[in-house]
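Understanding the architecture of this molecule
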Amino acid sequence: MRLAVNIDHFATVREARGGIEPDPVHAAVIAEMAGASGIVCHLREDRRHVNDRDVRVLRDVVSTKLDLEMAAAPEIITIALEVVPDLVTIVPEKREELTTEGGLAVAGHETQYSELTQRFHERGIEVSLFIEPEASQIEAAAACGVDIIELHTGTYANARSQAARDIQLERIRIASRLAQEAGLVVTAGHGLDLRNIAAITLIPEIEEVSIGHALVSRAMFVGLEQAVREFVLAVS
Ligand code: PXP
C-alpha cells in the first residue's frame, strides 16, 4: 500500500502568523525524500491554509504525484485546469467545517461529475471522487468515468467501540471489492493514524492511503522525515 502525505497543516501553522514559515513546499520535499508516494493539498475556497502560490510551486517541485483536493467550485476548477496536478480529488466543502466531514453525493449528480471528469481528462488530469463506502456512490462514480475513488474512513476512525469499528471496516471491505470490480482504483483516507491503519492495510483492494493530521502531529515530536518513515512502514 502506498502513502500519500497531506501537507495542509504546515500551511495552517504558517497562516497562524501570516508569514512564510513553515513552507508546505519544504514539507512536500522532505515527505517525498522519506518515502511518500504522493503529496496531497486541499485548496479551499476560503484559502484557510494552502494558497494559490503553494499549489503552483508544488506543481513544479513535486516529483512523485501531486493530488489537488478541491471542491467542484468554478474558481478552483479554473486553477486546477491551469496548474495541471497529476490528480484532482473532488470533495464536498463547507465553509464552517474544520475538515472534510463526509463523502461527496455523486448519486443523482452523475451528469455534473461526468462533465467535470471529461474536462480534467482532456487536460491529462486523473480524477478521484471522495465518497462514502456505499454501493450507490460507487456505482455513480463508475458511471461518471472517474479513475479512482477515495473511500471516506472517518466514520471507521471515529468509531468508539470495537463492534462499531468492525461494522465500519466491513462497509469499507465490501465497498473496496465493489469498486475494484467496477474497474476503479481504490484509495482511502480521513482520520487514519498509526493504530487504526493496521486493519485498513489488510484490505487488498486499497492501493493508497492519504494521511495528514496524525502524520503531522507525529512529526511535531519526531520530525517529518521520521514520521513519514513510520507511516510508510505501517502501510507496507
Ligand atoms: N482525504 C481527504 C479527501 C481529506 O479531505 C482529508 C483531510 O484533508 C484526508 C484524506 C486526510 O485526513 P486526515 O488529515 O484526517 O489524515
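All of the points below concern the structure found in this document.

About the thresholds
Residues numbered from 1 in each chain as written. Predicted model: local features only at pLDDT ≥ 70, side-chain atom pairs only at ≥ 80, totals over all residues. Heavy atoms only, no water. 1 Å grid on protein atoms, 1.4 Å probe; cavity = no way out; pocket = protein on both sides within 12 Å on 5 of 7 lines; lining within 4 Å. Points joined across faces, edges and corners; volume = space filled by probe spheres on them. Helix = DSSP H or I, 4+ residues; strand = E, 2+ residues; numbered from the N terminus. Near = heavy atom within 4 Å. Polar contact = N/O pair within 3.5 Å; in protein donor to acceptor, adjacent residues only side chain to side chain. Areas by Shrake-Rupley, 256 points an atom, 1.4 Å probe, with all protein chains shown as cover. Sits in = over half its atoms within 2 Å of the grid points. Nonpolar A, V, L, I, M, F, W, Y, C, P; charged D, E, K, R; others polar. Core = buried A, V, L, I, M, F, W, Y, C linked by side-chain atoms within 4.5 Å. Buried < 20%, exposed > 50% of the residue type's maximum accessible area, 1.4 Å probe, protein only. Contact = heavy atoms within 4.5 Å.

**A few points about the layout of surface pockets**
Space inside the largest pocket adds up to approximately 620 Å³. In this structure, the largest pocket is lined by 27 residues; those nearest its centre are His9, Thr99, His190, Gly191 and His213. The set of elements that each furnish at least two residues to the lining of the largest pocket consists of helix H1 (8–17), helix H7 (154–158), strand E8 (206–211) and helix H10 (213–222). For the lining of the largest pocket, the element with the most residues is H1, which contributes 3 residues.

**Re the site of the ligand**
The ligand sits among 14 residues. The nearest are Glu69, Thr100, Glu150, Gly191 and Gly212. Asparagine 6 places a side-chain nitrogen or oxygen 3.4 Å from an oxygen atom of the ligand. When the free accessible area of the ligand is taken as 400 Å², the share hidden by the protein chains comes to 92%. In a pocket analysis with a 2 Å cut-off to the grid points, the ligand is assigned to the largest pocket. When its residues are assigned to classes, the shell around the ligand shows 3 nonpolar, 9 polar and 2 charged.

**Some details on the nonpolar core**
A general tendency of soluble globular proteins is for nonpolar side chains to be buried together. Core analysis: the largest hydrophobic core is formed by 70 residues, its most contacted members being Ile90, Phe120, Leu129, Ile200 and Val209. No other element matches helix H4 (residues 74–83), which puts 6 residues into this core. Ignoring anything within four residues of it in the chain, the contact list for leucine 129 reads Ile90, Leu104, Val106, Tyr113, Ala141, Val146, Ile148, Ile149 and Glu150.

**Describing unusual backbone geometry**
Residue proline 22 is bonded to the preceding glutamate 21 through a cis peptide linkage, with omega at -5 degrees. Among the secondary structure elements, proline 22 is positioned in the loop between H1 and helix H2 (24–33). At arginine 47, a position not held by glycine, the phi torsion is positive, near 50 degrees. Residue placement: arginine 47 occurs in the loop between strand E2 (38–42) and helix H3 (52–61). The residue histidine 190 is not glycine, and still its phi comes out positive at about 110 degrees. Summarising the element assignment, histidine 190 is placed in the loop between strand E7 (185–189) and helix H9 (197–201). Histidine 190 sits in the partly exposed class, given a relative accessible area of 24%.

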